[in-house]
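Examination of the molecular architecture
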Amino acid sequence: MSPLFALLRRETALAWGRGGGPLVAVGFYAGVATLLPLAIGPEPQRLAAIATGAAWVALALASLLSLDRLFERDFEDGALDLLTLSPTPLELTCFIKCLGQWVATGAPLAVAAPVAAIALGAPLELAPLIFACALLGGLAFAFTGGIGAALSLGTRRGGLLTAVIVLPLFVPPVIFGGGVLDSFGNDLPWRGAVALLGAYAAMAVALGPVAMAAACRNALS
Amino acid sequence: MFDFHYAAFIVPAFAITLAVFIGMIVLSLNHARYWRRRYEDLAARAKPPK
Amino acid sequence: MTMTWAPAFLSNPERFMAFSRWAAPMFGVIALALGAVGLYLGFIAPEDYQQGQTVRIMFIHVPAAQLSMFAYACLGVASFLSLIFRHALADAAAQAAAPLGAAFTFLALITGSLWGRPMWGTWWVWDGRLTSVLVLFLLYIAYIALRASMDDEAKSARAGAILALVGVINLPIIHYSVEWWNTLHQGSSIFAEGGPAMPPVFLIPLLLMSLAYMAAFGSLWLVGIRGEVWRRRAESAAMRAAGN
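Within any chain, residue numbers begin from 1 and follow the written order of that chain's sequence. Chain A is the first chain written and ligand 1 is the first ligand written, with later ones labelled in order. In keeping with the predicted nature of the model, local features appear solely for residues at pLDDT of at least 70, side-chain atom pairs appear and are counted solely at 80 or more, and the whole-chain, interface and lining totals rest on all residues.

Among all residues except glycine, the phi angle is most often negative; among peptide bonds, the trans geometry is most common. Although it is not a glycine, C:Arg86 sits at a positive phi angle of roughly 50°. The helix and strand labels rest on DSSP assignments: H or I over at least four residues marks a helix, E over at least two residues marks a strand, and numbering proceeds from the N terminus. Take C:Arg86: it is sitting in the loop between α3 (55–85) and α4 (88–120).

So this is what it looks like as structure tokens:
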């Protein structure tokens, strides 16, 4: 078994197994989706108008949840030091860590997203597209989120700081993903928006690990 | 010429701008002065006058 | 006099302190003079045929909006220099630029809102440009929060620089995405593309105010960097005193 695959298995298992894993993220997601109609009112028309947008914003928030443990756990128990010393470049290690995060929380959230959107009143035809967008957007959320998680290593208020750093960076994927679903729902051309979401995700996957590795080295120095 | 039309919006805009500028000036100068004094105190204590 | 590349000339802390000692008050005086003339011309100008008297707000709103972006550019350049050369003065410059930039961004948002209420009938519209400035404000907050929550000076400098550069890469994307979002929702752009050229009676005071804001930022920035230099000197002196 190649060391990279072993690392991916380790990361996924850690993200999945410890502290409730995907159950926490999905539970949070369900909680937000439940609070929304309670705050807005149960009228189906009003809810249907915001269903996809609300589901999408809740997804962005839910993907913030387990970020603060992404590097922190390894930073505290010294595993990050060992990962830095290994022959694998730290950039690649960060890439694998985010990929594990995406498999363990992004994918379960992507399954939950269409359910939440339909419960809020989105049309059933939208479900496959919501799933695909949540999967693609989850990639962008995991890799930009990782930057915030790595930067707030060793700070006094890790979790909250990660959110403050990461939320402005979530603006493009939130806009593009919301745009796909909105355009599709209104019979407008939507493929361009998917391409934009994919482009942002690709950029996050390419550049995010560089920033994460730099931030991790800084925190360990 | 300004004739106080829309003064309810124009006056607060200028007042808030003025307040923020005063705040920036006071905070910057105070920060610089405080740390300058602190540094000079510490430097004087490190080298007692002969 | 030999030509010296400005940052290289200023990268020596002693030389920087000698330069900023007279440059900071000089920029302050220039800002006051330009601002006084600009405001005077701005207030005796006739009212705009569309904006009426509220055009006066433009003279403090537009420069604040320009400075909000200019200060982030300064933060980005200083962060880049601090990250590449590990230069303490570059980091002091980055750290001093952030709160000033946040203050100018705040001013741009508030004065824009006070202009929008009588003109558009609402305090806020989710227009592309406004939203971009709001996100810029959030980026400043994130930078300041990150710097404030790290005790180690060197670590805080590098983490802050990484975040500032991530922000520099993201800002154009954020701006583009917000513009794209605006066209998607058919929000009529409130800013006419190209628009009618501004008559000199408004353009001259606006230009003066822009220069005044620029000079004010220069002056405050230098004072801020001086403060940071002293703070670092004081902290290392305290360290040495504790070590003895």
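Right, let's talk about the interface of chain C and chain A for a bit. Throughout, a residue-residue contact means that the two C-beta atoms, derived from backbone geometry, are no farther apart than 7 Å. Chain C puts 22 residues into the contact, and the matching count from chain A is 25 residues. Those elements giving two or more residues to the side of chain C that touches chain A turn out to be α5 (128–148) and α6 (153–184) of chain C. Of all the elements, α6(C) adds the most residues to the side of chain C that touches chain A, at 13 residues.

Okay, the arrangement of the chains next. When the 2 pairs of chains in contact are ranked by number of contacts, first place goes to chains B and C. Regarding chain A and chain B, which are not in contact, the minimum distance between any of their C-alpha atoms is 23 Å.

Our focus in this paragraph is the interface of chain B and chain C. Where interface size is quoted, it is often the accessible area lost as the parts come together. Counting from both sides, the interface comprises 27 residues of chain B and, opposite them, 30 residues of chain C. Polar here means any residue outside two lists: the nonpolar Ala, Val, Leu, Ile, Met, Phe, Trp, Tyr, Cys and Pro, and the charged Asp, Glu, Lys and Arg; Gly therefore counts as polar. Class assignment for the residues of the side of chain B that touches chain C results in 19 nonpolar, 4 polar and 4 charged.

In this section: the environment of C:Glu47. All names here are of chain C. Residue position: Glu-47 is located in the loop between α2 (13–44) and α3. Residues Glu-47 and Phe-202, spaced 155 residues apart in sequence, show a C-alpha to C-alpha distance of 9.4 Å. In this structure, Glu-47 is in contact with Gly-52, Gln-53 and Val-55, ignoring residues within four places of it in sequence.

Bringing the nonpolar core into the picture now. Under the definition applied here, buried Ala, Val, Leu, Ile, Met, Phe, Trp, Tyr and Cys residues are grouped into a nonpolar core through C-beta atoms within 7 Å. Whether a residue is buried, exposed or partly exposed follows from its count of other C-beta atoms within 10 Å of its own C-beta, namely 20 or more, 12 or fewer, or something in between, respectively; the C-beta atoms are built from the backbone. Within the largest apolar cluster, 154 residues are counted, with the highest numbers of intra-cluster contacts made by A:Ala55, A:Ala215 and C:Ala97. Here this core gets 17 residues from one element, more than from any other, and that element is α4(C).

What follows concerns helix α4 (residues 68–77) of chain A. Within α4(A), burial applies to A:Asp68, A:Leu70, A:Phe71, A:Glu72 and A:Asp74. Positive phi shows up at A:Gly78, right after α4(A), with a value of about 85°.

The description of two helices packed together rests on the angle between their axes and the distance between the axes. Residues and elements named next belong to chain C. The geometry of α3 relative to helix α7 (residues 200–243) is characterised by a closest axis approach of 9 Å and an angle of 40° between their N-to-C directions. One way to sum up the angle between α3 and α7 is to call them oblique. The chirality of how α3 crosses α7 is right-handed. Residue-level inspection shows Val-55, Met-58, Phe-59, Ile-60, Val-62, Pro-63, Ala-64, Gln-66, Leu-67 and Ala-71 of α3 in contact with α7, the latter providing Phe-202, Pro-205, Leu-206, Met-209, Ser-210, Tyr-213 and Phe-217. When its residues are assigned to classes, the contact of α3 with α7 shows 15 nonpolar, 2 polar and no charged. In this analysis an axis means a line fitted to C-alpha atoms, helices contributing only their contacting stretch, and an angle means the value between N-to-C directions, from 0 to 180 degrees. Comment on the angle field: the value is read as roughly parallel under 35 degrees, roughly antiparallel over 145, roughly perpendicular from 65 to 115, and oblique elsewhere. Here a crossing is called left-handed whenever its near helix is offset anticlockwise from the far helix by less than a right angle, and right-handed whenever the offset is clockwise.

The next point concerns the environment of A:Pro173. Residues and elements named next belong to chain A. With respect to the element layout, Pro-173 can be found in helix α9 (residues 171–185). By the C-beta count within 10 Å, which is 27 here, Pro-173 ends up buried. Counting along the chain gives 49 residues from Pro-173 to Leu-124, while the straight-line C-alpha distance between them is 23 Å.

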